[in-house]
Amino acid sequence: MREKILVLDFGGQYNQLIARRVRDLCVYAEIKSFKTPIAEIKEQNYKGIIFTGGPNSVYDPKSPSYDPEILNLGVPVLGICYGAQLMAHLAGGKVNANAGASEYGKIELHKKGGLLLKGFPENSVCWMSHRDYIENVPHGFEVTAVTADCPCAAMENREKRLFAVQFHPEVNHTEYGTEIFKSFLFDVCGCKGDWIMSDFVEESIKNYREMLGDKKVLCALSGGVDSSVCAALMSKAIGKNLTCIFVDHGLMRKNEGDMVEKEFASAFDFNLIRVNCESRFLSKLSGVSDPERKRKIIGEEFIRVFEEESKKLGRMDYLMQGTIYPDVIESGTGDAAVIKSHHNVGGLPENVDFDGIIEPLRNLFKDEVRKVGLELGVPEFLVYRQPFPGPGLAVRCLGEITNDKLEILRNADAIFREEIAAAGLDKSINQYFAVITDTKSVGVMGDSRTYDHLIALRAVTTDDFMTCDWAKIPFEVLAKASSRITNEVKGVNRVVYDITQKPPATVEWE
Ligand code: XMP
């Protein structure tokens, strides 16, 4: 039986990150709500359980808790942040909810000993985010680390194999965070660490085959990494019972639509329908220069086309979407201001009736999705494709969108991408593209005056696209791209490089 770890979710913001850290060490982790009955947990033979953080105080009657019996199952438990306090509380220790000194951010940690922290030096930096703290550890526990303000930053009861840390080992800011997971998984739980992505792939294929039988699945394929990997996975499970609709809105990069169609048609066995509707989208966008209106028009039109095409296919049982975990976080429950109306290909059509939605990649991070793609034989250019916004080049063609401007943009963008790849920078820069601005400027070519378009080049480095830095591309690479663009692309006489971070700018210009 495959070894697995339970991440028991008490509502913290880093829960998926915990599962990811565990999976990075090749141990399968699954996340379940704190509402999961203890009987269900017992049945699963977990090698270990991790209590996550959470926003609450253990003394708040509404805060999530758990049957204290979970600490007596003989299964090792690691409590993190709120999970640590909960462990202390359930085991009879004392949590102080009136702390004078809360700790947020990077804090110096002093190790006192213990098995869990064996890979830690005496002093290191950890990431804290708490107000309450453990004042008295429960009977049988020892304090294994402290900070200046926190008398119990880590504790353990080795005999009962219960461990807890007040800080967050799962975030990168905790210098030796991975060591905690290594000790817990391998030394405490006795895991072997033999889980690999091919297991996820094989298991998903088997499960979908059993679950779906003869049912039919419909998917919107954009050529992006997520929808491509989804389609590849499902095609292995149900073959021709999968139909993918590729709505080509005509706002793709140079030759992109043809490439996507060709690769899928040759490598995978499912029904692929490409709908070429460039003129339909361009006529809807005609005369529109407001960025939000462009986005809305494209999003809505996309759904209309998708609905029309799917109706022609007869009854489809399920709709598949390439949702991945970061989409789940971003579209979360917060009241964050809308900066841009994001449009993800695969948005839900309203007038088509399905039994349900399938999201095979919902619990995976982007790099895990890429590994799955490679396992499935998805071509590398699709697996490592940089993010491309749903509204496509429309948000890189400032002001009114015309065929001429799109043509200039495609050619300039292709040159920039070629030069980045030729310089070997294509994997280290996370996103790079050209923008055609709404500005024209005066130049001189030969002996004549020109009055032509201004192209901006944008390249960013980032971990998560929430914040980004502009890429420090060597000048000679920029120089080559600039001179090729002005020489080879008719209608361009000036090229600039965008040196703004996000924030205050965003990655896309619109
Ligand atoms: P911004 O411009 O908001 O972009 O800093 C952050 C990341 O999101 C991509 N992006 C989109 N992706 N649908 C998408 O699927 C969209 O409507 C969309 N708009 C922006 C952008 O390319 C960058 O990677």
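Before reading on, note that the structure itself is shown above.
This write-up is about the structure you can find in this document. (Residues numbered from 1 in each chain as written. Predicted model: local features only at pLDDT ≥ 70, side-chain atom pairs only at ≥ 80, totals over all residues. Heavy atoms only, no water.)

## Quick notes on the overall build of the chain
- Along the backbone of the chain there are 14 helices and 20 strands.
- Dimensions of the chain, computed from the C-alpha atoms along their principal axes, are close to 85 × 55 × 40 Å.
- For the chain, the share of sequence-separated contacts (at least 6 apart) that also reach a separation of at least 24 residues comes to 76%. (Helix = DSSP H or I, 4+ residues; strand = E, 2+ residues; numbered from the N terminus. Contact = heavy atoms within 4.5 Å.)

## Some details on the pattern of salt bridges
- Tallied over the entire structure, the rule returns 37 salt bridges.
- Glu135 serves as the salt-bridge partner of Lys94, at 3.2 Å between the closest nitrogen and oxygen. With Lys94 in strand β5 (residues 94–96) and Glu135 in strand β8 (residues 133–136), the pair connects residues that are 41 residues apart, well separated along the chain.
- By relative accessible area, Lys94 is classed as partly exposed at 39%.
- Asp317 serves as the salt-bridge partner of Arg315, at 3.9 Å between the closest nitrogen and oxygen.
- The network of salt bridges with common partners includes Glu418, Glu419, Lys480, Arg484 and Glu488. (Salt bridge = Lys/Arg side-chain N within 4 Å of Asp/Glu carboxyl O. Buried < 20%, exposed > 50% of the residue type's maximum accessible area, 1.4 Å probe, protein only.)

## Re helix α3 (residues 82–90)
- Most of α3 is tucked away: 8 of the 9 residues are buried.
- Taken residue by residue, α3 has Tyr82, Gly83, Ala84, Gln85, Leu86, Met87, Ala88 and Leu90 as its buried positions.
- Downstream of α3 by a residue or two, Gly92 has a phi angle that is positive, lying close to 95°.

## Things to note about the environment of Met1
- In this fold, Met1 is placed in the segment before β1 (4–9).
- Separated by 44 residues in the primary sequence, Met1 and Asn45 have C-alpha atoms spaced 9.3 Å apart.
- Once residues within four sequence positions are removed from consideration, Met1 is found in contact with Gln44 and Asn45.

## Structural notes on the sheet that holds strand β6 (residues 103–111)
- Across the sheet, which stays open at both edges, the 9 strands sit in the order β2-β1-β3-β4-β11-β10-β9-β6-β7 with mixed pairing between neighbours. At either end of the open sheet lies a strand with only one pairing partner, and these are β2 (28–33) and β7 (123–130). Put simply, the sheet's adjacent strands are angled 25° from each other on average, direction ignored.
- Relative to strand β10 (residues 154–157), strand β9 (residues 142–146) is paired through 3 bridges, and the arrangement is antiparallel. By the bridge assignment for β10, Val143 is matched with Met155.
- Running over the sheet, helix α1 (residues 15–24) touches β1, β2, β3 (48–51) and β4 (77–80) and is turned about 160° from β2.
- Strand contacts of α3: β3, β4, β7, β10 and β11 (162–165), with the helix running at about 120° to β4, the strand carrying the most contacts. (Pairing = 2+ DSSP bridges. Axes fitted to C-alpha atoms, helices over the stretch in contact; angles between N-to-C directions.)

## Observations regarding helix α5 (residues 197–212)
- With 16 residues, α5 should cover 22 Å at 1.5 Å per step; its first-to-last C-alpha distance of 22 Å lies within 8% of that length.
- All buried positions along α5 are accounted for by Met197, Ser198, Phe200, Val201, Ser204, Ile205, Tyr208 and Leu212. Down the axis, α5 shows its buried residues gathered within 155° of arc, on one side only. Exposed and facing more than 90 degrees away from the buried side of α5 are Glu202 and Glu210.
- On its buried face, α5 is in contact with β12 (217–220), α6 (225–238), β15 (318–320), β16 (356–358) and α11 (366–376). (Expected span 1.5 Å × (residues − 1). Arc of directions from axis to C-beta.)

## Some details on the pairing of strand β17 (residues 431–445)
- Where β17 meets strand β18 (residues 448–461), 12 bridges bridge the pair, whose relative direction is antiparallel. Residue pairing in the sheet places Lys440 in a bridge with His453 of β18.
- The antiparallel hairpin formed by β17 and β18 contains 2 residues in its connecting segment, where Gly446 sits at a positive phi of about 65°.

## Observations concerning the sheet that holds strand β13 (residues 242–248)
- Sheet architecture is open: 5 strands sit in the order β14-β13-β12-β15-β16, paired in parallel fashion. Two strands close off the open sheet at either side, each with one partner strand: β14 (271–276) and β16. Strand-to-strand twist of the sheet, defined as the mean angle between neighbouring strand axes without regard to direction, takes the value 25°.
- Relative to β15, β12 runs parallel, the two being bridged by 3 bridges. Paired with Leu218 across the two strands is Leu319, which belongs to β15.
- Helix α7 (residues 256–267) contacts β13 and β14 of the sheet and is inclined by roughly 165° relative to β14.

## Side note on the nonpolar core
- Judged by nonpolar contacts, the single largest core of 89 residues is most densely connected at Met234, Leu242, Leu376, Ile455, Leu457 and Ile473.
- Not counting residues up to four positions away in its chain, the partners in contact with Leu242 are Val217, Cys219, Ala231, Met234, Ser235, Phe270, Asn271 and Met320.
- Judged by nonpolar contacts, the second largest core, of 34 residues, contains Leu78, Leu117, Cys150 and Ala153. (Core = buried A, V, L, I, M, F, W, Y, C linked by side-chain atoms within 4.5 Å.)

## So, the packing of α5 against α6
- Between α5 and α6, whose axes approach to 8 Å, the crossing angle comes to 55°. One way to sum up the angle between α5 and α6 is to call them oblique. Crossing geometry of α5 relative to α6 is assigned as right-handed. Contacts from Val201, Ser204, Ile205, Tyr208, Arg209 and Leu212 of α5 reach α6 at Leu233, Met234, Lys236, Ala237 and Ile238.
- For the contact of α5 with α6, the class distribution of residues is 8 nonpolar, 1 polar and 2 charged. (Parallel < 35°, antiparallel > 145°, perpendicular 65-115°, else oblique. Left-handed = near helix turned anticlockwise from the far one by under 90°. Nonpolar A, V, L, I, M, F, W, Y, C, P; charged D, E, K, R; others polar.)

Limitation: the analysis is restricted to geometry and does not speak to function.
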